[in-house]
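Coordinates in review
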Amino acid sequence: MMDLEATGPDGVRIRPAVPADLIGVAELQVASFTDRWSLESVRQLAGLSGAIVLVAERSSNPTVLGYLIGQVVTDEAEIHSIAVAEAFRRRGIGCQLLLAFEGMALALGAVSVVLEVAADDAPAKQLYESIGYQIVARRPDYYRIGRAEPVDAEVRRRFIR
Ligand SMILES: CC(C)(COP(=O)(O)OP(=O)(O)OC[C@H]1O[C@@H](n2cnc3c(N)ncnc32)[C@H](O)[C@@H]1OP(=O)(O)O)[C@@H](O)C(=O)NCCC(=O)NCCS
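Cut-off values and rules
Residues numbered from 1 in each chain as written. Predicted model: local features only at pLDDT ≥ 70, side-chain atom pairs only at ≥ 80, totals over all residues. Heavy atoms only, no water. 1 Å grid on protein atoms, 1.4 Å probe; cavity = no way out; pocket = protein on both sides within 12 Å on 5 of 7 lines; lining within 4 Å. Points joined across faces, edges and corners; volume = space filled by probe spheres on them. Helix = DSSP H or I, 4+ residues; strand = E, 2+ residues; numbered from the N terminus. Pairing = 2+ DSSP bridges. Axes fitted to C-alpha atoms, helices over the stretch in contact; angles between N-to-C directions. Contact = heavy atoms within 4.5 Å. Right-handed = clockwise from strand over helix to strand, strands pointing away.

All right, on to the layout of surface pockets then. Looking at the largest pocket, its volume works out to about 1200 Å³. Together, 37 residues line the largest pocket, and Phe33, Ile82, Asp121, Ala124 and Tyr128 are the ones closest to its centre. For the lining of the largest pocket, the secondary structure elements donating two or more residues are helix H1 (22-32), strand E4 (76-84), helix H3 (93-107), strand E5 (112-118), helix H4 (122-131) and strand E6 (134-143). Examining the composition of the lining of the largest pocket, we find that seven residues originate from one element, E4, more than from any other.

Okay, structure coming up:
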């Protein structure tokens, strides 16, 4: 398994979340998506069997700069949500979160990782493309909350074993 405590570029490190991080995770989720989740929803997801929550932070400042909420169920892992604070995007943090999650999922027995991404979310789609996530299904008009027009979801998968 990769060293989750290793410090990457910009002094950013990825580590498993502790309960006290979930407020920062929920705040970043709200700032990043039109479909806003409550702190309670974040806590519920984090408490699911097989849940993995990772946060990105700088050692100099314990603010949550990025997070990934995922889950491993038998041999399949799923990403429920990933976001990086706007001021810290395009520095490789999203990629680091994804690769750290894949490493943990692999160690827990996952064969593949699946996720849903809005068809109009170009940065996220590009991130997933760059790592090798391929479109396996499309869900028409899947995203509606907080949007003027519904947007399709792409279901993407990558085999990690
Ligand atoms: C998607 C998101 C998590 C990416 O995080 P990030 O830390 O900026 O991503 P990275 O810096 O690791 O980018 C890795 C690669 O993804 C692609 N990418 C990321 N942002 C991009 C952008 N705005 N435009 C084009 N490509 C982009 C690039 O290929 C990039 O590699 P490069 O910088 O060497 O070209 C971030 O944009 C975000 O939080 N968006 C809002 C929430 C969201 O949409 N989450 C995804 C829901 S499925």
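There's plenty left to go through after this.
Glancing now at the sheet that holds E5. Here seven strands make up an open sheet; going across it, the order is E1-E2-E3-E4-E5-E7-E6 and the pairing mixed. This sheet does not close on itself; its edge strands, each paired only once, are strand E1 (12-16) and E6. Taking each pair of neighbouring strands and ignoring which way they run, the sheet shows an average axis angle of 25°. Taken together, the four bridges between E4 and E5 define a ladder with parallel strand orientation. Bridge pairing in E5 links Glu76 to Ser112. Contacts from H3 reach E1, strand E2 (51-58), strand E3 (61-73), E4, E5 and strand E7 (151-159) within the one sheet, and its direction differs from that of E4 by about 160°.

With eight bridges joining them, E3 and E4 adopt antiparallel strand pairing. Across the sheet, residue Ile69 finds its bridge partner in E4, namely Ser81. Hairpin connection of E3 to E4: two residues between the antiparallel strands, including Thr74 at a positive phi of 45°. On the question of chirality, the crossover connecting E4 to the parallel E5 by way of H3 is right-handed.

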